Amino acid sequence: MRNGKFSLQKYNTFGIDACADTFFSYNNIDDLILFLQNDFDKEKPFFILGGGSNVLFTSDYQGTIIHPETKGITITQEDDNDVFVAVAAGEIWDDFVQWAVDNNLHGVENLSYIPGCIGASPVQNIGAYGSEAKDAIHEVHCISIADQTRKIFSKEDCKFGYRDSIFKHECANKYIVETVVFKLQKNAPFNLSYGSLNTLLDEKTATLQTVRNTIIQIRKEKLPDPKEIGSAGSFFKNPIIPENQANTLRNKFPKIVTYPAPNGNIKVAAGWLIDSLGLKGFCMGGAKVHEKQALVLTNAGNATGNDVVALSHHIQDKVKETYGIQIEPEVIFL
Ligand code: EPU
């Protein structure tokens, strides 16, 4: 455990230089349990920080940062086609995807190259290229912060939605993910329905590794490499609006990009909305709208959290003014 100003710059992909009052990292669960029992200050705010790829520190964090570094990928059960794999919360998400591909297991290949760690995958229900983590998650094993007991959440218990789960609502700040159990398949059809995937790949000749390579290539073309440019991936969620509102917008803006969403609603590509306003490359302080993907805000050089907040408010206002849609951040502000 580290007390006193602990720099979080290396622990958030935006690279914001904020400090935490207390920082606790652990590589085995017994250490976490001992910490929660003996040293954890329940009166202060706390945050469980995984890969730091979906957070924005707007100032120093006056509380405790809990950072899992537990490792382990273990097959727990298998039958003719399904393989159950328990993965520790501190594993890097993309290392697990590579492991699945190396072991010829289907289910997470479309989620290649997403930054972050395993523990965040159910909280956020990470998604890309027509897949979501929920499609492969079987159970989520957690530790209760209040009494350190273990609780298993079935997939249904998790109440997954678009970038959403029970861990952002009723169970927020109540549990720490210990292990995620995935159900992968030895054989399964590829999901090449999204965007350019089916023009780049042929269902008949595709392999897990070629699907993974193609997705990595698409992501590298559009999204900044966190090792080079700080960002948190998509900054905003794609808004979901009623069909009548979408129809009005389609009449007025025929090029608007939309997708069907659950319950007859329509999902709008926020990247298109922002791009259409000519905001690619637009800067405020050190914060910038990414040139290749308008949904992504980057740290173009010594951005403070407040630069990013100011830029995000500017974008929200412009989108609201033109399209009447309130876009909401996907990134968590701390
Ligand atoms: N578009 C533009 N201009 C832009 C950006 C996008 O016109 O600057 C258009 C694209 O041409 C496309 C549509 O908007 O027609 C959607 O763009 P894209 O396919 O790049 O995906 P997205 O909706 O912007 C979502 C996820 C990404 C995920 C991709 C691919 C959210 C918030 N974001 O982005 O996830 O990788 O789909 O599936 O749902 C992340 O969450 O951090 C993330 C990167």
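Rules used in this analysis
- Residues numbered from 1 in each chain as written.
- Predicted model: local features only at pLDDT ≥ 70, side-chain atom pairs only at ≥ 80, totals over all residues.
- Heavy atoms only, no water.
- Phe/Tyr/Trp six-rings, centres within 6.5 Å; stacked < 30°, edge-to-face > 60°.
- Helix = DSSP H or I, 4+ residues; strand = E, 2+ residues; numbered from the N terminus.
- Lys NZ or Arg CZ within 6 Å of the ring centre and 35° of its normal.
- Domains from an automatic or database assignment.
- Contact = heavy atoms within 4.5 Å.
- Buried area = accessible area lost by both parts, 1.4 Å probe.
- Pairing = 2+ DSSP bridges.
- Axes fitted to C-alpha atoms, helices over the stretch in contact; angles between N-to-C directions.
- Core = buried A, V, L, I, M, F, W, Y, C linked by side-chain atoms within 4.5 Å.
- Buried < 20%, exposed > 50% of the residue type's maximum accessible area, 1.4 Å probe, protein only.
- Near = heavy atom within 4 Å.
- Polar contact = N/O pair within 3.5 Å; in protein donor to acceptor, adjacent residues only side chain to side chain.
- Areas by Shrake-Rupley, 256 points an atom, 1.4 Å probe, with all protein chains shown as cover.
- Nonpolar A, V, L, I, M, F, W, Y, C, P; charged D, E, K, R; others polar.

A.B. asks: I'm lost on the packing of aromatic side chains in this one. Help?
C.D. replies: The way to describe two aromatic rings as a pair is by their centre distance and the angle between their planes. This model, assessed by the stated rule, comprises 19 aromatic pairs. Seen in terms of ring centroids, Phe24 and Phe35 are 3.9 Å apart; in terms of plane orientation they differ by 5 degrees. Their pairing is stacked. With Phe24 in strand S2 (residues 19-26) and Phe35 in helix H1 (residues 29-38), this pair connects stretches of sequence that are 11 residues apart. Residues Tyr129 and Tyr194 carry aromatic rings whose centres are separated by 5.3 Å and whose planes lie at 90 degrees to one another, so their mutual orientation is edge-to-face. Of this pair, Tyr129 sits in the loop between strand S8 (127-128) and strand S9 (131-132) while Tyr194 sits in the loop between strand S12 (175-185) and helix H4 (197-200); the two residues are 65 residues apart in sequence, bridging distant segments of the chain. Connected via pairs of aromatic rings, a cluster forms that spans Phe24, Tyr26, Phe35, Phe40 and Phe46. When the ring centre of Phe153 is taken as reference, the NZ or CZ atom of Lys151 above it lies at 4.9 Å. Over the face of the ring belonging to Tyr162 we find Lys267, whose NZ or CZ atom lies 3.6 Å from the ring centre.

A.B. asks: Explain the domain arrangement of the protein here, please?
C.D. replies: One widely used convention gives an interface's size as the accessible area the parts lose upon coming together. Entries for the protein in the domain assignment read domain 1 (2-68), domain 2 (73-218) and domain 3 (225-333). For domain 1 and domain 3, the distance between their C-alpha centroids amounts to 28 Å. In this assembly, 11 residues from domain 1 lie in contact with 18 residues from domain 3. A combined buried area of about 1,100 Å² lies between domain 1 and domain 3, and 61% of that area is made up of carbon and sulfur atoms.

A.B. asks: Would you explain the sheet that holds strand S5 (residues 61-68) in this entry?
C.D. replies: Pairing between sheet strands relies on hydrogen bonds along the backbone, with the strands arranged either parallel or antiparallel. Here four strands make up an open sheet; going across it, the order is S1-S2-S5-S3 and the pairing mixed. Across the chains shown, the open sheet's two edge strands, defined by having one partner strand only, are strand S1 (2-7) and strand S3 (46-48). Taken pair by pair, the neighbouring strands of this sheet meet at an average axis angle of 40 degrees, ignoring direction. Pairing geometry for S2 and S5, over six bridges, is parallel. Its bridge partner lying in S5, Tyr26 is registered against Pro68. Across the sheet, H1 lies against S2 and S5, angled at about 135 degrees from S2, the strand it touches most.

A.B. asks: Whenever I open this one, the nonpolar core confuses me. Can you help?
C.D. replies: The nonpolar side chains of soluble globular proteins are, as a tendency, buried together. Of all hydrophobic cores here, the largest spans 43 residues; its most connected members are Phe57, Ile65, Ile274, Val308, Ile315 and Ile327. For this core, the element with the highest residue contribution is helix H8 (residues 305-323), accounting for six residues. Of the domains in this structure, domain 1 (2-68) and domain 3 (225-333) are the two that each give at least three residues to this core. Residues in contact with Ile65, not counting those within four places in the same chain, are Leu8, Ala20, Thr22, Phe23, Phe24, Phe47, Leu49 and Phe57. The next biggest cluster of nonpolar side chains, apart from the first, holds 42 residues, and it includes Trp99, Phe167, Cys171 and Ile215.

A.B. asks: Quick question: what am I supposed to make of the site of the ligand here?
C.D. replies: Looking at the ligand, there are 25 residues lining it, with Tyr129, Tyr162, Tyr194, Asp275 and Ala294 nearest. Here Lys222 contributes a side-chain N or O atom positioned 3.0 Å from an oxygen atom of the ligand. Between the ligand and Glu330, the relevant distance is 3.1 Å, taken from an oxygen atom to a side-chain nitrogen or oxygen of the residue. Protein burial of the ligand: of its 810 Å² of free accessible surface, 83% is covered by the chains. Elements that contribute at least two residues to the shell around the ligand include exactly S8, helix H5 (208-222), strand S13 (230-234) and helix H7 (270-276). The leading source of residues in the shell around the ligand is H7, at three residues. Considered class by class, the residues forming the shell around the ligand number 12 nonpolar, six polar and seven charged. Domain assignment of the residues forming the shell around the ligand places at least three in each of domain 2 (73-218) and domain 3 (225-333).

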